[in-house]
Amino acid sequence: MVRVRFAPSPTGSLHLGNARSAAAHRRYADAHGGAMLLRIDDTDPARNVDGGLETILTDLEWLGIGWDEGPQRQSERHVRHREAAHLVGEPDADGALRFGHATVLRADGTATYQLASAVDDLDFGITHVIRGSDHRANEELQASLIRALGGEPPVYIHHGLLLGDDGTKLSKRHGASSLADLREEGIPGEAVRTYLDELGLPKHDVHLDLARLRRLSIEALAALSDDELAARTGMPVSVVPAMRGARDLREAREYAEQVLDPVAAEVDAPETIARAVELVEGGLDAKSVVRELKAVGGSLKAVRLALTGRERGPELAAVIESLSRDELLNRLGRCSSTTR
RNA sequence: GCCCCCAUCGACUAGUGGUCCAGGUCACGGCCCUUUCAAGGCCGCAGCACGGGUUCGAAUCCCGUUGGGGGCACCA
């Protein structure tokens, strides 16, 4: 029975590297009919952030990644860790316990990552440890610790790292790389999940490809039904036509707001506006209205301005389609009266 | 400095000795669509890091070089 554990530290929103690891664990467990344990590596009180656990749970849910056991906080296992440290460690001059060259228990009695990780992997019957190559050097120590405790070490699988633009290990300083950042930017969770799954677990490093992520965002949006798109953006279904073509949820919201909240604008094209009013009153559909306006050489720009107050935005036909007849006449009428 | 890992278009990759004068996707460029910005459609550019082997035959195997990354904490 395969058992893996995803073990983030509660230091804030997961960055893409961690998220990639989470997705890889889920996939590995599923592929082998195994289980995934969620473990919170919070042995260092100094690094723990308030609400750190909740943030991680939110991130995982957003990605659609579930787990089978946990969350298990390492800090809650300190008694067992201390016991194990005394089993294998040697006291040093500062009152800490060491195993070989590594400290396993600090002088204040708290376990270090090396110890806690090894003990928990052993106690929870972890069969495969999947992690980035930045952990490669930890394998020997941790395996030794487990053997010293009378256990059999798991299989260690190290994969290449996710690199930022500068070609170094992705970290907070690279910016816009935490899940919270991406969510803020309007990238749908499933686009991120797809991207992470595409990464797989190669041994070589991989450059973070933001362009690919944006591409997947466009595709994820295209795959959403009208109702889903409306729900995700918190906008009424009626304005969905105006949101199509947006590249992310934030942009979709902006498009919708343009239609929903027009700003005042000077429009100087009375003939086009009058014609538009006629066409709308005539009950023509959006596309036909646009076609007819074009046929008479009307200024579509003026119509857009009249309807949204802006010079740019979603395709005019989509804007018209997103508005009710009354609202269309209202906005067009308001314009023709102010320009006359 | 020492130890470890890796190496196909700009990026992500397919490719595991012949079917590869290397295929796909993204980016990029051009065209079309669009009286806006996108989205969409079509076409195109571009690569096996280098040098030695092994072999009838190498992107695929071996060695070296170069390049890149990671580690060398009482951080995880």
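Scroll up for the structure.
Treat the numbers as computed from the prediction; the structure is a model and nothing was measured.

1. Overview of the nonpolar core
Part 1 of the reasoning: If you look at the biggest cluster of nonpolar residues, it comprises 38 residues, and the most contacted ones within it are L229, M243, L307, I320 and L332.
Part 2 of the reasoning: For this core, the elements supplying multiple residues, two or more each, are α9 (226-233), α10 (240-243), α11 (249-260), α12 (270-281), α13 (286-295), α14 (300-308), α15 (316-322) and α16 (325-339).
Part 3 of the reasoning: When residues no more than four places from it in sequence are discounted, the contact partners of M243 are L229, A230, T233, M235, A252, Y255 and A256.
Part 4 of the reasoning: In terms of nonpolar packing, the next biggest core, distinct from the first, is built from 34 residues, A19, A22, A23 and Y195 among them.

2. A short note on the pairing of strand β8 (residues 155-159)
When a strand is regular, its side chains alternate between the sheet's two faces.
Part 1 of the reasoning: Pairing of strand β7 (residues 128-132) with β8 involves five bridges; the strand directions are parallel. Considered in β8, the bridge of G132 is made with H159.
Part 2 of the reasoning: Taken together, β7, helix α5 (residues 138-148) and β8 constitute a β-α-β crossover, and its handedness is right-handed.

3. Some thoughts on the side chain of D41
Part 1 of the reasoning: Note that D41 resides in the loop between β2 (35-40) and α2 (52-63).
Part 2 of the reasoning: Of the residues examined, D41 reaches a relative accessible area of 10% and is grouped as buried.
Part 3 of the reasoning: Within the local environment of D41, its side chain forms a polar contact with the side chain of R39, the two groups lying 2.9 Å apart.
Part 4 of the reasoning: The residues touching D41, leaving out its near neighbours within four places in the chain, are A7, P8, S9, P10, Q74 and Y113.

4. Quick notes on the sheet that holds strand β4 (residues 90-91)
Part 1 of the reasoning: Overall, antiparallel pairing links the three strands, which are arranged β4-β5-β6 in an open sheet. In this open sheet, the two edge strands, each paired with only one partner strand, are β4 and β6 (102-105).
Part 2 of the reasoning: Two strands pair when backbone bridges link them, and strand β5 (residues 97-99) and β6 are joined in this way by three bridges, in the antiparallel orientation. Bridging from a neighbouring strand, F99 pairs with A102 of β6.
Part 3 of the reasoning: Sitting on the sheet, α5 touches β5 and β6, and the angle it makes with β5 is about 105°.

5. A short note on the packing of helix α3 (residues 78-88) against helix α4 (residues 113-123)
Part 1 of the reasoning: Relative to each other, α3 and α4 sit at 105°, their axes nearing to 10 Å. By the criterion of interaxial angle, the relationship of α3 to α4 is roughly perpendicular. Contact residues: α3 offers R80, H81, A84 and A85, while α4 offers L115, A116, V119, D120, L122 and D123.
Part 2 of the reasoning: Residues of the contact of α3 with α4, tallied by class, amount to six nonpolar, one polar and three charged.

6. Things to note about the side chain of H158
Part 1 of the reasoning: Within the secondary structure, H158 sits in strand β8.
Part 2 of the reasoning: Its relative accessible area of 7% is what places H158 among the buried residues.
Part 3 of the reasoning: If sequence neighbours within four positions are ignored, H158 has contacts with R131, G132, S133, H135, R136, E139 and K203.

Thresholds, definitions, all that
Residues numbered from 1 in each chain as written. Chains lettered and ligands numbered in written order. Predicted model: local features only at pLDDT ≥ 70, side-chain atom pairs only at ≥ 80, totals over all residues. Heavy atoms only, no water. Core = buried A, V, L, I, M, F, W, Y, C linked by side-chain atoms within 4.5 Å. Buried < 20%, exposed > 50% of the residue type's maximum accessible area, 1.4 Å probe, protein only. Helix = DSSP H or I, 4+ residues; strand = E, 2+ residues; numbered from the N terminus. Contact = heavy atoms within 4.5 Å. Pairing = 2+ DSSP bridges. Right-handed = clockwise from strand over helix to strand, strands pointing away. Polar contact = N/O pair within 3.5 Å; in protein donor to acceptor, adjacent residues only side chain to side chain. Axes fitted to C-alpha atoms, helices over the stretch in contact; angles between N-to-C directions. Parallel < 35°, antiparallel > 145°, perpendicular 65-115°, else oblique. Nonpolar A, V, L, I, M, F, W, Y, C, P; charged D, E, K, R; others polar.

So far we have only geometry, and geometry alone does not tell us how the molecule works.
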